[in-house]
Structure formats: structure tokens, C-alpha cells
Amino acid sequence: MKKVAFYTLGCKLNFSETSTISRQFEEKGFEKVDFQDTPDIFIINTCSVTENADKKCKKIVKEAKKISPNSYVAIIGCYAQLKPREISEISGVDAVLGAAEKFRLIELLDDFAKEQEVKVLASEIQEATAFNNAYSINDRTRTFLKVQDGCNYGCAFCTIPLARGKSRSNTVSSVLEAAREIANTEVKEVVLTGVNIGDFGIVDGKRQEKFVDLVKAIDEVEGIDRIRISSIEPNLLTNEIISFCGESKRFVPHFHVPLQSGSNTILRKMGRRYLRELYEDRVSKIKTLMPQACIGVDVIVGFPGETDELFLETYNFLNELDISYLHVFTYSERANTRAAEMKEVVPMKMRSERSKMLRILSEKKRRKFYEENLGQTFTVLFEDDVQDGKIHGFTENYIRVAAKYDPMLVNELKLVTLDHINEQGNVEVLEPEFVYEKH
Ligand code: SF4
């Protein structure tokens, strides 16, 4: 029995895909092992957004070869699609597979027999038109369920459409099948995942369904306690979706909505499909219907043309907005994007100063959000995450909670009252005897 190990870089979508590919291997009789357990085959799933993707990829291959010098090493994922030739030159690599090929790895790599030449199987990205189902099962608390792939938007800074291709989706009925399978496991939370999830519904190049159809249908699946939407573009987060989530049995009041810039000038340069007024309106709609909702924001600093004045527009906009945390990205040039050709480049030092300012703002926002919720009762899903005698979990509105460790709490939903914020910045609940069973 050949032993195979996996390594994943990047986003949750990559994790769900690695998990599915690893199940394909197990079904074919391979033994899945940890990276250091002298595997015969290594599969490395790469990301194009990660900083220094090339260096990271080289490092992992080097480690793999140290552990198993005669192993077969295959590289898949977004970076493999963007730079197949460069990757094939990394010493120790046996095969490189692109977006259209990665789910046919076992069939395409003929028994993983080593050859003189590196096998490069990366079609043009236009050929990646099929949708491949995927969900992760590494963790028994939550699963990332892929429902959509690719993107038709073409934002000026983004390489994802080049690495993953056009927008395409699973069908509602097929997602429901996967959701029912998941409902039969111990998993309590499903995170709906995709590249541009609000664009769900395109099958064979034509719109067949809408994301709201999926939201309504999956809410009826018995056996799943919680459903989270990983991230959704503001222009696709409709009133109908927000209202439905507000009344849903299973969708949690947590929204992650990319903003990228609070300046309309920069939003236009980025080619985003909304202005700040629309974003403001989405936040206020959510907060009116769900005052305790958590709202996370992606923001990019240092995009070409972002003057001090325009950055301040973003800072002030975010400062005044009723949001809960930020994910701050420092802009970096990516080959073959429109933004890489733009003038008025922001110096690196300025980019990192702005990033720091927004990270501090994020901490202030998170703390304020946590403080506003102290004294109230929420449901926490406790995870297998124990440090210094404390077990951790998240409330439905994404507050990270710490309680005294009790093995019975792992993977359980419990009602808790939020007491105070501890030194680590997590919210401690009252003494464990105040942890109640969910009704
Ligand atoms: S919507 Fe997101 S994935 Fe699509 S091009 Fe813009 S940033 Fe990239």
C-alpha cells in the first residue's frame, strides 16, 4: 500500500479540495499519512495569493525530499496553474497539474512511477470549466463545503480568475446531497465556500440558479446546527439574503464582506462593482435586522494611487462603520494584472505603515464588539482547541470564547453567558457550572 501525504497552502477552498483529493486516494487504496511519516507520494496544493508562493513551494519540496528522498512529488493548485514551467524547474518535483487536471491526479499520473522528465499537465485556464465538488473533513467540528469556483469579475489586482477560471457552481440539489452526507457525521457547522460565492448558480456557462435559492434550500437540511457564509461580495449580498439569514434556523449572524477600499476613487480604479455608499447600506441593513451580528471586512492598503488623503478616507470610513474586525492585506504587485501596470505606486514603507494603522483599528473594533456583547447569552460551539487548561470555541456571531477545560465540551453546542475579556483577548464565560445544555 503506497503512502501519501498532503500539504495545503492558502485559502479554505484549497483545504476543502485537498481533503476531497485525499479521499479519492483513500478510496483507491492509498494510505494517507502525516508529512513526516516517510510517504511515497507528496501532493502539495499551492496558492497564488500567498506572499512568496515560489519560495514556500521550494521549501516544502525540499523538506519532502529530506523526509523521503525517493518520493514522488506532485504540485497542484493556483500557483501550479499560473507558473507551471517555473515549478517544473524546482529540484525534486515530478509533476505539475493545473486547475483542470488536479481532480484527475490519480488517473493522470500512472501509478506515480518516476520519469526522466517532469510531467506538466496544465491546460489553458479557459479549459477549467467543470465544477468539482469538495468538502473538508479534517476537523469534526466544522466543514468547508465548496459550492462555487472561479470568478468573472476581473478586479484589477486579482490573479484568481487566471488561476481558477470562470465562475461555475454546483447545483442546489447536488449541494444538498453533500450537506445530507455531512449531516450524518459528527460535524456541527458547515461553512459555504467559494471564490465568488454570491455568484453561485452558473452551470455550463449559463445562470441556472441563484445563491439565495441555495441559502433557502440548505437551511432545511436536518442535522446541521450551523451554517456560515465564508465571504460574499457586498453587491451580491441582497436584502433578501440578509432578511432570510435574520430569520433562519441555521444561518448564523456573521458576515464577511470584502470592502477593499473606503475611497470611491480607489474602488473605481480597482474595478470593484460597488461604491462605499452601497457598502454602508449593507452594513446598516444587517445591523438593523441583527444588532448582534458580527461583520468582518477585507481591506487592501497601498493600491496604486492611494494618496494619504484617500487612505484617510478609508480609515475614517471604517472607523465610523459598525463593523467587528478587519482582514488587512498589503497590496503587492502580481504579474499579468492590470494593477501591476498602474502608475502612482505607493512606496513599501507607506504600505506597511497603513497596514499597521488598520490592524490597530481592527483590534479596537473587535474589542468594542466583544464588550458590547458581554453579559449576554450565546451558543458556543466548543472545538478541540485546548491551551493552558482552557477550551475554546466560537459563538454564532463569531466571538472567540474560553471556558475551563472539560473533555465533555469538545464538539458540543452550549449556551453560555459572556463574562469578561481575558488577557489573550478572548471572552471568558462564567464558571463552567453556568454552561447549560442547548434546548
Ligand atoms: S471578485 Fe474577488 S476573486 Fe473575483 S476578481 Fe475580484 S477579488 Fe478576485
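Residues numbered from 1 in each chain as written. Predicted model: local features only at pLDDT ≥ 70, side-chain atom pairs only at ≥ 80, totals over all residues. Heavy atoms only, no water.

Section: the packing of helix 9 (residues 239–247) against helix 11 (residues 276–289)
Then, in step 1: Viewed as axis vectors pointing N to C, helix 9 and helix 11 meet at an angle of 25 degrees, and their least axial separation amounts to 10 Å. When the interaxial angle is binned, helix 9 and helix 11 end up roughly parallel. For the crossing formed where helix 9 meets helix 11, the hand is right-handed. Contact residues: Asn239, Ile242 and Ser243 in helix 9; Arg282, Lys285, Ile286 and Leu289 in helix 11.
Then, in step 2: Here the contact of helix 9 with helix 11 is built from residues that sort into three nonpolar, two polar and two charged. (Axes fitted to C-alpha atoms, helices over the stretch in contact; angles between N-to-C directions. Helix = DSSP H or I, 4+ residues; strand = E, 2+ residues; numbered from the N terminus. Parallel < 35°, antiparallel > 145°, perpendicular 65-115°, else oblique. Left-handed = near helix turned anticlockwise from the far one by under 90°. Contact = heavy atoms within 4.5 Å. Nonpolar A, V, L, I, M, F, W, Y, C, P; charged D, E, K, R; others polar.)

Quick look at the sheet that holds strand 14 (residues 226–229)
Then, in step 1: Spatial strand order, 7-8-11-14: four strands in an open sheet with mixed pairing. Because the sheet does not close on itself, it has two edges, and the strands there are strand 7 (134–135) and strand 14.
Then, in step 2: Inspection of the sheet shows strand 7 paired to strand 8 (residues 142–146) by two bridges, in the antiparallel sense. When the bridges of strand 8 are listed, Ala134 appears paired with Lys146. (Pairing = 2+ DSSP bridges.)

Observations regarding the site of the ligand
Then, in step 1: As a matter of local geometry, the ligand sits amid Cys151, Tyr153, Gly154, Cys155, Phe157, Cys158, Pro161, Val195, Glu233 and Arg272.
Then, in step 2: Across the shell around the ligand, the residue classes tally to seven nonpolar, one polar and two charged. (Near = heavy atom within 4 Å.)

Observations concerning the pattern of salt bridges
Then, in step 1: Counting across every chain of the model gives 30 salt bridges.
Then, in step 2: The residue Arg164 makes a salt bridge to Glu17 at a minimum N-O spacing of 3.0 Å. Here Glu17 lies in helix 1 (residues 12–27) and Arg164 lies in helix 6 (residues 160–164), a separation of 147 residues in the sequence. The residues Arg164 and Glu17 share a single accessibility class, namely buried.
Then, in step 3: One salt bridge in this structure joins Glu63 and Lys66, with 3.0 Å as the shortest N-O distance. (Salt bridge = Lys/Arg side-chain N within 4 Å of Asp/Glu carboxyl O. Buried < 20%, exposed > 50% of the residue type's maximum accessible area, 1.4 Å probe, protein only.)

Some details on helix 1
Then, in step 1: Under the 1.5 Å per step criterion, the end-to-end length of helix 1 is 23 Å for 16 residues, consistent within 8% with the ideal 22 Å.
Then, in step 2: Once helix 1 ends, the next one or two residues include Gly29, with phi positive near 95 degrees. (Expected span 1.5 Å × (residues − 1).)

A few points about the state of the cysteines
Then, in step 1: On inspection of all chains with the given rule, the structure shows zero disulfides.
Then, in step 2: Between Cys11, a cysteine without a disulfide, and Cys47, which holds the nearest cysteine sulfur, the sulfur-to-sulfur distance is 6.1 Å.
Then, in step 3: Taking relative accessible area as the criterion, Cys11 reaches 39% and is therefore assigned partly exposed.
Then, in step 4: With no disulfide of its own, Cys57 has Cys47 as its nearest cysteine by sulfur position, at a separation of 11 Å.
Then, in step 5: On the basis of relative accessibility, which here comes to 0%, the residue Cys57 falls in the buried class. (Disulfide = S-S within 2.5 Å.)

Examining the packing of aromatic side chains
Then, in step 1: Counted according to the given criterion, the structure contains 14 aromatic pairs.
Then, in step 2: Note on Phe6 and Phe25: the rings are 5.6 Å apart at their centroids and 80 degrees apart in plane angle, and the pair reads as edge-to-face. Placement of the pair is Phe6 in strand 1 (residues 3–8) and Phe25 in helix 1, with a sequence separation of 19 residues. Assigned by exposure class, Phe6 and Phe25 land together as buried.
Then, in step 3: What links up through ring pairs into an aromatic cluster is the set Phe6, Phe25, Phe30, Tyr72 and Phe112. (Phe/Tyr/Trp six-rings, centres within 6.5 Å; stacked < 30°, edge-to-face > 60°.)

Quick look at the confidence of the model for the protein chain
Then, in step 1: Confidence in the prediction of the protein chain, expressed as mean pLDDT, is 93, and 97% of residues score 70 or more.
Then, in step 2: Contacts for the low-pLDDT stretch residues 432–439, under 50 throughout, to residues beyond four places or in other chains number 14 contacts. (pLDDT = per-residue confidence, 0-100.)

Some remarks on the side chain of Ser22
Then, in step 1: Looking at the secondary structure, you find Ser22 in helix 1.
Then, in step 2: Discounting residues that sit within four places of it in the chain, Ser22 has contacts with Phe6 and Lys32.

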